[in-house]
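# Observations on the model geometry
So you can see what is in the structure, the chains are spelled out below.
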Amino acid sequence: MAKIEVIAERCKSCGYCIRFCPKNVLEIGTGLNAKGYEYVTAAREQDCIGCCQCAMICPDGAITVYR
Ligand code: SF4
Ligand code: SF4
């Protein structure tokens, strides 16, 4: 199982990572960062296959995948 780390302060809530994740692991959370964006969380981390699509697509480098 992979581990997903989201740097909340970098996330702009654009949703690219959610759209590109093949396993529907990610979703917009309810927490707000300092800029007022609802940042992404790995709501179904147990389903992650560690493909790194989310990390590669994020324009703000907010996601790190640990395999
Ligand atoms: S590593 Fe792949 S499966 Fe895991 S959250 Fe990112 S896009 Fe989804
Ligand atoms: S792609 Fe990056 S900035 Fe966009 S919602 Fe996902 S983590 Fe946030």
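Scroll up to find the structure this text is about.
Every value quoted in this text rests on a predicted model; they were computed, and no experiment measured them.

### Notes on the side chain of asparagine 33
Its place among the elements puts asparagine 33 in the loop between strand S2 (27–32) and strand S3 (38–41). Note on asparagine 33: relative accessible area 5%, which makes it buried. Here the side chain of asparagine 33 touches cysteine 11 through a polar contact of 2.9 Å, landing on its backbone oxygen. For asparagine 33, the contacting residues outside a window of four places in its chain are Ala8, Glu9, Cys11 and Tyr39.

### Structural notes on the site of ligand 1
All residues in the neighbourhood of ligand 1 are listed as Ile4, Cys21, Pro22, Val25, Cys48, Ile49, Gly50, Cys51, Cys52, Gln53, Cys54 and Val65. Looking at the shell around ligand 1, its residues break down into ten nonpolar, two polar and no charged.

### Side note on the nonpolar core
Core analysis: the largest hydrophobic core is formed by 13 residues, its most contacted members being Ile4, Cys17, Leu26, Cys54, Ile63 and Val65. Apart from the residues lying within four places of it in its own chain, the contact partners of cysteine 17 are Leu26, Val40, Cys54, Ile57 and Ile63.

Calculation criteria
- Residues numbered from 1 in each chain as written.
- Chains lettered and ligands numbered in written order.
- Predicted model: local features only at pLDDT ≥ 70, side-chain atom pairs only at ≥ 80, totals over all residues.
- Heavy atoms only, no water.
- Helix = DSSP H or I, 4+ residues; strand = E, 2+ residues; numbered from the N terminus.
- Buried < 20%, exposed > 50% of the residue type's maximum accessible area, 1.4 Å probe, protein only.
- Polar contact = N/O pair within 3.5 Å; in protein donor to acceptor, adjacent residues only side chain to side chain.
- Contact = heavy atoms within 4.5 Å.
- Near = heavy atom within 4 Å.
- Nonpolar A, V, L, I, M, F, W, Y, C, P; charged D, E, K, R; others polar.
- Core = buried A, V, L, I, M, F, W, Y, C linked by side-chain atoms within 4.5 Å.

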